[in-house]
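Residue strings, one per chain:
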Amino acid sequence: MRAMIPFPAIDPELVSVSLFGLDLALRWYALAYIAGILAGWRIGILLLRRERLWPRDVPPMRPGQADDLLTWLILGIVLGGRLGYVLFYNLGFYLQNPAQILVLWEGGMSFHGGMLGVVLAFTIFCRRNGIPILQTADMLAVATWPGLFFGRLANFINAELYGRPTDVPWAMKFPTMCQVPSVQNCPVAGEWFYTGQELARHPSQLYQAGLEGLALGAVLLLLAFGTRALKRPGILVGTFLTGYALARIVVEYVRQPDAQFVSPGNPIGFVIGEGAIGLTMGQLLSLPMLALGIALIVWARRGRTVPA
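Residues numbered from 1 in each chain as written. Predicted model: local features only at pLDDT ≥ 70, side-chain atom pairs only at ≥ 80, totals over all residues. Heavy atoms only, no water.

**A look at the environment of Asn-155**
Basically, it comes down to this: Segments assigned H or I by DSSP are reported as helices when at least four residues long, segments assigned E as strands when at least two residues long, and all are numbered from the N terminus. Partly exposed describes any residue whose relative accessible area lies between the buried limit of under 20% and the exposed limit of over 50%, with all areas from a 1.4 Å probe on protein chains only and scaled to the type maximum. In the analysis that follows, any N or O atom pair within 3.5 Å is treated as a polar contact, provided that within protein one partner can donate a hydrogen and the other can accept it, and provided that, for residues neighboring in sequence, both atoms belong to side chains.
Mapping Asn-155 onto the fold places it in helix H5 (residues 133–157). A residue is classified by how much of its surface remains accessible, and Asn-155, at 5% relative accessible area, is buried. Distance from Asn-155 to Pro-12, taken between C-alpha atoms, is 9.5 Å for residues 143 residues apart in sequence. In terms of polar contacts, Asn-155 uses its side chain to reach the side chain of Glu-160, at 2.7 Å.

**Here's the deal with helix H1 (residues 28–49)**
The condition is simple: Multiplying 1.5 Å by the residue count of a helix minus one yields the expected span of that helix.
Over its 22 residues, H1 runs 31 Å from end to end, which matches the ideal 32 Å to within 8%, given 1.5 Å per residue. Of all the positions in H1, only Tyr-29, Ala-32, Gly-36, Ile-37, Gly-40, Ile-43, Gly-44, Ile-45, Leu-47 and Leu-48 are classed as buried.

**Things to note about the nonpolar core**
What counts, and what does not: We define a nonpolar core as any set of buried Ala, Val, Leu, Ile, Met, Phe, Trp, Tyr and Cys residues linked to one another through side-chain atoms lying within 4.5 Å.
The biggest cluster of nonpolar side chains holds 42 residues, and the ones touching the most others in it are Leu-47, Leu-69, Phe-122, Met-139 and Phe-240. Taken together, the elements giving at least two residues each to this core come down to H1, helix H2 (63–89), helix H4 (111–129), H5, helix H6 (204–226), helix H7 (235–251) and helix H8 (281–302). With 7 residues, the next largest nonpolar core counts Tyr-85, Tyr-94, Met-281 and Leu-285 among its residues.

**Concerning the packing of H2 against H4**
Quick reminder of the rule: Each axis is a line fitted through C-alpha atoms, taken for helices only over the stretch in contact, and angles between the N-to-C directions span 0 to 180 degrees. The handedness criterion is simple: a crossing whose near helix is rotated anticlockwise from the far helix by less than a right angle is left-handed, and one whose near helix is rotated clockwise is right-handed. By the convention used here, residues are in contact when the closest approach between their heavy atoms is within 4.5 Å. Residues are grouped as follows: Ala, Val, Leu, Ile, Met, Phe, Trp, Tyr, Cys and Pro are nonpolar; Asp, Glu, Lys and Arg are charged; every other residue, Gly included, is polar.
Orientation of H2 relative to H4, taken along the N-to-C sense of each, is 145 degrees, at an axis distance of 6 Å. Handedness of the H2/H4 crossing: right-handed. Residue-level contacts link Gln-65, Asp-68, Leu-69, Trp-72, Leu-73, Gly-76, Ile-77, Gly-80, Gly-81, Gly-84, Phe-88 and Tyr-89 of H2 to His-112, Gly-113, Gly-114, Leu-116, Gly-117, Val-118, Ala-121, Phe-122, Ile-124, Phe-125, Arg-128 and Asn-129 of H4. When the residues that make up the contact of H2 with H4 are grouped by side-chain class, the tally is 12 nonpolar, 10 polar and 2 charged.

These values are about where atoms sit, not about what they do.
Structure (structure tokens):
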């Protein structure tokens, strides 16, 4: 048997209490959203208070307006993330079980859907309040990485979205061996393994936490606070879109395929392609982000820096 790191025994429920016959629990998953939103809000406030960072030394909004924007963003994250998961990843199941759409505490959120929800929310907010959209997008790009970091850590604690089998020294044995409840076999790495077999897997959630969260966050913070990047609207949001898309595309190669896209003839879970060549849903949804991010960077760099 190959060596593997045992999964740490972390209860997904941080606190659980019974009240009037109801079991109420605070889960790490929910706490990750709360921590990410609060940390992102604080980063946004710090940026707005440093007027010299912005074009003509004028921030796109007042700190008080950022508080109002936060409410819109929370709605965009939750509604967009859930609807994105329903539409992009498991539409057939939810058409048959529509009540399950509301069961948010069991997971099932799409980053790409959440991002679309955020874009719609802050665009409406900016237009209603006469706030420059692209500068606001730059601010939100710098403030997004804590949510990605904490969210992937919560995925790890929940033992979900884990990686494919591997023999790397840091391979981990996750408590759940298969995401396909209706069959006895588990589709991984181009072959079918019995579910009871102990498999060492990539901790892909930690890869994503490091790349999408820490690494991308460090780049964005350096650009925002250490350079004149905010004076060229579009640079930072373009960097975020490009960086996230590249990180997601790379990690998808070692991430366990989405069960609903897997079959004996498609063990990798491609939505486009066949055999050993194709694109997963995560990669497919990341390609427009990559194209838009590169286009924004090129467009912003070709323009002139707004004078201080």
